[in-house]
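Here's the letter readout for the chains.
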Amino acid sequence: ISMKDEILKRLLAANGEAVSGQELADSLGVSRTAIWKHMQTLQEEGYIFETVKKKGYMLTGVPNSLSPTQIELFLNTKRFGREIHHFDVVDSTQTIAHKLAQEGAPNGTVIIAEDQTAGRGRMTRMWESTHGTGIWMTIIVRPDVSPQQASSFTLVVAVAVTMAIKTLYKNVEPAIKWPNDLLINGKKCTGILTEMQAEADLVQALLVGIGINANQVETDFSPDISDKATSLRLEAGEEINRAALVATILQYLEQFTDLFVNEGFASIKKLWEEMSCTIGQRIEVTTIRERFEGIASGITDEGVLQLTQADGTIRTIYSGDIKILS
Ligand code: BTX
């Protein structure tokens with residue numbers, strides 16, 4: 001941790017009280033001028049201080065920024081988020097992640113952007129990524145599993161993100177819509193896109209793309225999605241601290257990835273089912289080839305959706321889109 005971050009940590013820990021510049025200098029073993037210079041840099045990054053006469057510096061405002069410094073302040077992980085690439089505008093964080101993964105980026109590397117000009121969903125769909133409002137990030141995960149096992153990883157990610165949201169915003173109830181959406185009050189708040197780099201039967205990297213509508217208000221959504229999209233801010237009724245949410249997601253994701261690698265999807269299945277709004281519902285499934293209906297009766301230990309059809313036969317769904325009919 002750098003000197004600047006250490007100073008920031010102490011100011012944050014003071015919880016609105018003033019911290020003396022002299023004490024900071026003494027305890028960190030640097031000059032008061034050095035402290036003052038770091039304060040200038042922090043101010044440029046958007047932190048707001050008041051200088052209280054004879055008492056010192058008082059932190060009165062933090063930027064709602066996704067800079068690595070901000071995220072690290074909340075980060076409690078061993079591997080995930082220990083390398084963060086933060087951009088203002090990119091085409092898609094997935095594209096950058098693919099490149100970095102090929103170049104050997106370590107497990108848990110995060111690529112995060114304020115804005116995506118070509119954010120993408122599954123197939124050729126686009127993902128709306130308005131500037132500064134959301135969390136648009138890709139995490140490079142290198143789990144020791146086969147490509148076939150990795151196919152259920154999206155469900156693991158959905159559980160981790162749901163846990164993070166529930167932990168930070170007690171009044172918000174996200175529900176997982178199979179396979180890759182989180183809905184709040186029936187509207188889409190989060191989308192997950194997992195892509196894979198594999199060689200024969202070895203996973204080189206999973207590129208876990210997570211798009212979360214955090215601070216949008218209604219007018220931020222384009223007419224195409226305004227009636228089916230929502231943001232955490234709209235649902236929680238408060239401004240979302242994106243850095244804290246990113247750090248919390250990374251913590252749960254690290255934890256659930258370990259569980260998944262060591263004990264398989266079966267160990268997470270129960271949690272997934274509890275958090276899902278899909279199981280028990282009558283749904284319509286659309287795949288590339290066909291469209292059919294049935295009751296979503298469960299999920300297998302491998303993360304495959306099971307559909308009970310009108311004639312009682314059970315069909316397994318590996319991928320596709322679903323619509324909840326009742
Ligand atoms: P999906 O294919 O399940 O959903 C895409 C559909 O969702 C779109 O066709 C549109 O109807 C709707 N949609 C688009 N943008 C939004 C939005 N902001 N909020 C709610 N609904 C929307 C879901 O794909 C997977 C999305 C992953 C996005 C992340 S962001 C970071 C990473 N980089 C990147 O390019 N994609 C991933």
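In this text the structure is predicted, and so the values were computed from the model without any measurement.

### Remarks on the layout of surface pockets
Taken as a whole, the largest pocket holds about 980 Å³ of empty space. Residue lining of the largest pocket: 41 residues in total, with S151, S152, W178, Y318 and S319 positioned closest to the centre. When contributions to the lining of the largest pocket are tallied by element, the ones reaching two or more residues are α6 (147–150), α7 (153–168), β8 (187–199), α9 (242–263) and β13 (314–317). The element contributing the most residues to the lining of the largest pocket is β8, with 5 residues. Approximately 830 Å³ is the volume found for the second largest pocket. Considering the residues around the second largest pocket, the lining is formed by 36 residues, among which R125, M126, W127, D181 and K188 are closest to the centre. The class makeup of the residues in the lining of the second largest pocket is 11 nonpolar, 14 polar and 11 charged.

### Description of the packing of aromatic side chains
This structure, assessed with the given rule, holds 2 aromatic pairs. Where Y252 meets F256, the ring centres are 6.3 Å apart and the plane angle is 20 degrees; that geometry is what we call stacked. Here F256 and Y252 lie together in helix α9, a separation of 4 residues that amounts to about one turn. Pair check on accessibility: Y252 and F256 agree, each one buried. A cation sits over an aromatic face here: R315 above F292, 3.7 Å from the ring centre.

### Describing the sheet that holds strand β4 (residues 109–116)
Ordered by their spatial adjacency, 7 strands build an open sheet running β3-β4-β5-β9-β8-β7-β6, and the pairing between neighbours is mixed. Two strands bound the open sheet, and with one partner strand each, they are β3 (84–90) and β6 (174–177). Averaged over all pairs of adjacent strands, the angle between their axes in this sheet comes to 20 degrees, without regard to strand direction. When β4 meets strand β5 (residues 134–141), the two strands line up antiparallel, connected through 5 bridges. Paired with I112 across the bridge in β5 is M137. Taken strand by strand, helix α5 (residues 93–102) contacts β3, β4, β5, β8 and β9 (202–213), and its axis lies near 20 degrees from that of β5.

### Comments concerning the sheet that holds strand β12 (residues 305–308)
Pairing is antiparallel in the open sheet, where 5 strands are placed in the order β13-β12-β11-β10-β14. Each edge of the sheet is formed by a strand with only one pairing partner; in this case those strands are β13 and β14 (321–324). Shown here is a sheet whose adjacent strand axes are inclined to one another by a mean of 45 degrees, direction ignored. As paired elements, strand β11 (residues 291–299) and β12 share 4 bridges and run antiparallel to each other. When the bridges of β12 are listed, A296 appears paired with L307.

About the criteria used
- Residues numbered from 1 in each chain as written.
- Predicted model: local features only at pLDDT ≥ 70, side-chain atom pairs only at ≥ 80, totals over all residues.
- Heavy atoms only, no water.
- 1 Å grid on protein atoms, 1.4 Å probe; cavity = no way out; pocket = protein on both sides within 12 Å on 5 of 7 lines; lining within 4 Å.
- Points joined across faces, edges and corners; volume = space filled by probe spheres on them.
- Helix = DSSP H or I, 4+ residues; strand = E, 2+ residues; numbered from the N terminus.
- Nonpolar A, V, L, I, M, F, W, Y, C, P; charged D, E, K, R; others polar.
- Phe/Tyr/Trp six-rings, centres within 6.5 Å; stacked < 30°, edge-to-face > 60°.
- Buried < 20%, exposed > 50% of the residue type's maximum accessible area, 1.4 Å probe, protein only.
- Lys NZ or Arg CZ within 6 Å of the ring centre and 35° of its normal.
- Pairing = 2+ DSSP bridges.
- Axes fitted to C-alpha atoms, helices over the stretch in contact; angles between N-to-C directions.
- Contact = heavy atoms within 4.5 Å.

Scope: geometric values only; no functional claims are made or implied.
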